[in-house]
Amino acid sequence: MLDRIRALADDGFDETVRLRRQIHRRPELAYEEHETAALVAATLREIGIEPTTGVARTGVVAHVEGGRPGPTVALRADIDALPIQEATGLDFASEVDGRMHACGHDAHTASLLGAARVLHAVRADLAGAVRLIFQPSEEKIPGGAVAMIEAGVLDATGDHPAPAQIFGQHVFPSLPAGMLGVRPGPFMASADEVYITIRGRGGHAAAPHELVDPVLVQAHVLTALQAVVSRHRPPGVPSLLSFGRVEADGATNVVPDAVRLVGTFRSMDEAWRFEAHEHVRRIAAHTAEAFGATAETEILVGYPALVNDDAAAAAVRAAAVDYVGEACVEDLPMWYASEDFASYTQRVPGAFYVLGVGNEAAGITHGLHTPRMTVDEEALRLGPGFMAYLAWRALESGGA
C-alpha cells in the first residue's frame, strides 16, 4: 500500500500543483472563500466524491467511503488567505490587491484534494471512511474551526461514526522540502490580544506638576507587567507576554491624555492562561492608580493552546518514518504561533504536524505571514501522499 500510495501521489503531482496555483491566484479572506469552496467542491466531484457545501457558510465536507467497515478518521485543511500584499514575483502571484496566501493555505487545500484523489483510488482497501474537512476562516478570531464543530463536522453523520482521530498539516518554511515534523503534547500556543488604555491628564509638557502623565505611567505599567511571566507563572509552564505597539499621540511639548499599549499573551497551558489575564488586569490597574491614573484592560481571547494527543502524534511519526525515512523526520520544539486546529484536538484525539517546504538554494526561506512567503512545490509530491498514507494507516489500526 505504501508503494501504491506513493505512485498515485506522483501521478497526481502536476494536478496538485495546478490546483495550488489556481487557489494562489485567487486568495479570499475569512468567510469570503466562495470561489475557493466552489473549486474544492468541483474537484471532489471530478474525483467521484460528492461533497456537502455551505458548511459554516463557506466550508466543504466530504467522505471517502472505504470498502470495509471501520471507524472514521478526519483530515482537515484551511482555505482562507491573509490581507497581505504579495511581493513574490511569481508567475501565478495573487491577482487580488492586498490579499495573499501568505500562510500556505493554498498548499494545504491542494494537498488535501490530492490526498482525496489518492484515497478514492484505494477506497476498496480502506477499513472505514475518511472525512475531508475544508475549513474557512482559520486566520480570523474566533476561527472557523469552532463554527465547523458547531455545524457537526466532529459528529456521527448517516452511516459514519464520529471521527476517532483528526489530523492536520501545515507548511513549514524552516524545514526543507521532503521533511516532516511532529511533536507530542503541547505544540502551539494559545494567542490572546491585549489592549491596555492608560488615562491621565494631559497638557503642556512645561508644566508636568499640573498633569497626570500617562506616558510615564505606561512605562511603569509595561515594566510591572514583566512580573506576570517572571514571578506569577508556574515554573515549567511556557508562556510569554509581549507588547509591540505603544500609542501616545502627544508632541515634544504636549503630554496626551491617554496612552494605549497593544500586545499578545501566549501560553501552552489553558488554566494558567486565564489566571494570567487577571494578573495583567490587576497589575495594570494598580500600577496606574499609584500615579493617579487609570488603566482599562481589554483581552480578546483567541485560539486555545494546541495539544497533540500522544498516541496520534506517535502515529504520525511512525507513518512519517515509513514514508520518508527516519532522517527526514524532525522532532519539533514548541511553536509559539497559534492555530484554531486546537479546537478540534480539544474534542477529538488528533495531531497537527508540519510539512517542510523550504529550499535555501532556490531562495524559498521567507517566513509565514510575510509578503514573499512561498513553498517549494516539490513538497506537494509528499504532502498529499503522506496525508493519504496516514489516513489509511490510522484506519488499519482501528482509529486508535
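Bear in mind that the values here come from a model prediction, so they are computed numbers and not experimental data.

1. Section: the overall build of the protein chain
Point 1. Along its length, the protein chain carries 11 helices and 16 strands.
Point 2. A compact globule built from 400 residues would reach a C-alpha radius of gyration of about 21 Å, and the protein chain, at 24 Å, matches this within 12%.
Point 3. With the C-alpha coordinates of the protein chain rotated into their principal frame, the extents come out at 80 × 45 × 40 Å.
Point 4. Per-residue burial over the protein chain gives 54% buried out of 400 residues.
Point 5. Counting contacts in the protein chain only where the partners sit at least 6 residues apart, residues at least 24 apart contribute 81% of the total.
Point 6. As presented, the protein chain carries roughly 16000 Å² of accessible surface, and 51% of it is formed by carbon and sulfur atoms.
Point 7. If the 32 positive side-chain charges of the protein chain are averaged to one point and the 52 negative ones to another, these points end up 1 Å apart.

2. A look at the side chain of Glu28
Point 1. For Glu28, the position within the fold is in the loop between helix H2 (13–25) and helix H3 (34–47).
Point 2. Among the polar contacts listed, one links the side chain of Glu28 to the backbone nitrogen of His34, at a separation of 3.4 Å.
Point 3. Ignoring sequence-local partners within four residues, the contact set of Glu28 consists of Glu33, His34, Glu35, Thr36, Asp80 and Ala81.

3. Section: the packing of aromatic side chains
Point 1. According to the stated counting rule, one finds 9 aromatic pairs in the structure shown.
Point 2. Taken together, Tyr323, Tyr353, Phe386, Tyr389 and Trp392 form an aromatic cluster joined through their ring pairs.
Point 3. Stacked on the ring of Tyr31, the Lys or Arg Arg57 has its end atom at 4.0 Å from the ring centre.
Point 4. Directly above the ring of Phe13 sits Arg381, whose terminal nitrogen or CZ lies 3.8 Å from the centroid.

4. Some words on the packing of helix H4 (residues 105–121) against helix H11 (residues 379–396)
Point 1. Two elements in contact, H4 and H11, have axes whose closest approach is 8 Å; the angle formed by their N-to-C orientations is 55°. When the interaxial angle is binned, H4 and H11 end up oblique. When the axes of H4 and H11 are compared, the crossing they make is right-handed. Across from Ala107, Ser111, Leu112, Gly114, Ala115, Val118 and Leu119 in H4, the residues of H11 making contact are Leu380, Gly383, Pro384, Met387, Ala388 and Ala391.
Point 2. Its residues assigned to classes, the contact of H4 with H11 shows 10 nonpolar, 3 polar and no charged.

5. Concerning the packing of helix H9 (residues 310–324) against H11
Point 1. With their axes 10 Å apart at the nearest point, H9 and H11 run at an angle of 125° to one another. Here H9 lies oblique to H11, going by the angle between them. For the pair H9 and H11, the sense of crossing is right-handed. On H11, the residues that touch Ala315, Val316, Ala318, Ala319, Ala320, Asp322, Tyr323 and Val324 of H9 are Leu382, Gly385, Phe386, Tyr389, Leu390 and Arg393.

6. Some points on the sheet that holds strand E6 (residues 180–182)
Point 1. The strand order across the open sheet built from 8 strands is E1-E2-E4-E3-E5-E16-E6-E15, with neighbouring strands paired in mixed fashion. Of all strands in the sheet, those bounded by a partner on one side alone are strand E1 (52–55) and strand E15 (329–331). Across the sheet, the axes of successive neighbouring strands diverge by a mean angle of 25°, strand direction being ignored.
Point 2. Pairing analysis gives 8 bridges linking strand E3 (residues 68–78) to strand E4 (residues 127–135), with the strands arranged parallel.

7. Re the nonpolar core
Point 1. Judged by nonpolar contacts, the single largest core of 66 residues is most densely connected at Leu44, Val130, Leu132, Phe134, Phe167 and Phe386.
Point 2. No other element matches H11, which puts 12 residues into this core.
Point 3. With residues near it in sequence (within four places) discarded, Phe167 still touches Val73, Ala74, Leu75, Arg76, Ala312, Val316, Phe341, Ala351, Leu390 and Ala394.
Point 4. With 28 residues, the next largest nonpolar core counts Tyr31, Ala145, Ile149 and Ile166 among its residues.

8. Details of the pairing of strand E2 (residues 59–65)
Point 1. For E2, the buried fraction is high: 6 of the 7 residues fall into the buried class.
Point 2. Judged from the 6 bridges that link them, E2 and E4 form a sheet pairing that is antiparallel. By the bridge assignment, Val60 is partnered in E4 with Phe134.

9. Here's the deal with unusual backbone geometry
Point 1. The step from Ile141 to Pro142 runs through a cis peptide bond, and the omega angle for that step is 10°.
Point 2. Locating Pro142 in the fold gives a position in the loop between E4 and helix H5 (144–150).
Point 3. Phi is positive for Tyr31, which is not a glycine, with a value near 65°.
Point 4. Residues other than glycine seldom take positive phi values, yet Ala56 does so here, at roughly 50°.
Point 5. By the secondary structure assignment, Ala56 is in the loop between E1 and E2.

Reading the values: the criteria
Position numbers for residues count from 1 along each chain, tracking the sequence in the order it is written. In keeping with the predicted nature of the model, local features appear solely for residues at pLDDT of at least 70, side-chain atom pairs appear and are counted solely at 80 or more, and the whole-chain, interface and lining totals rest on all residues. Computation of side-chain values: all heavy atoms of the structure, hydrogens and water removed. Segments assigned H or I by DSSP are reported as helices when at least four residues long, segments assigned E as strands when at least two residues long, and all are numbered from the N terminus. Every radius of gyration here is taken over C-alpha atoms, with the globule rule written as 2.2 Å times N^0.38, N being the number of residues. For the exposure calls, accessible area comes from a 1.4 Å probe over protein chains only, and a residue counts as buried if that area is under 20% of its type's maximum, exposed if over 50%, partly exposed in between. Residue contacts follow a heavy-atom distance rule, with two residues in contact if any of their heavy atoms lie within 4.5 Å. For the area figures, the Shrake-Rupley method with a 1.4 Å probe applies, and any residue is considered shielded solely by the protein chains shown. Think of it this way: Lys and Arg go in the positive column, Asp and Glu in the negative one, and His and the chain ends go nowhere. In plain terms, the charge of a residue is placed at NZ if it is Lys, CZ if Arg, CG if Asp and CD if Glu. Whenever a nitrogen or oxygen atom comes within 3.5 Å of another N or O atom, the pair is scored as a polar contact, on the condition that within protein one atom can donate a hydrogen and the other can accept it, and that pairs from neighbouring residues in sequence are kept only if both atoms are in side chains. A pair of aromatic rings is counted whenever rings of Phe, Tyr or Trp (Trp by its six-membered ring) have centres within 6.5 Å, and the orientation is called stacked for planes under 30 degrees apart, edge-to-face for over 60 and tilted otherwise. Any Lys NZ or Arg CZ found within 6 Å of a ring centre and within 35 degrees of that ring's normal is scored as a charge over the ring. Interaxial angles span 0 to 180 degrees and are taken between N-to-C directions of axes, which are lines fitted to C-alpha atoms, for helices over the stretch in contact. Here the word oblique covers every angle except those under 35 degrees (roughly parallel), over 145 (roughly antiparallel) and from 65 to 115 (roughly perpendicular). By definition, any crossing whose near helix is turned counterclockwise from its far helix by less than a right angle is left-handed, and any crossing with a clockwise turn is right-handed. Under the convention adopted here, Pro, Cys and the residues Ala, Val, Leu, Ile, Met, Phe, Trp and Tyr are nonpolar, Asp, Glu, Lys and Arg are charged, and Gly plus all remaining residues are polar. In this scheme, strands are said to pair when DSSP sees at least two bridges between them. Buried Ala, Val, Leu, Ile, Met, Phe, Trp, Tyr and Cys residues that are joined via side-chain atoms within 4.5 Å together make up what is termed a nonpolar core.

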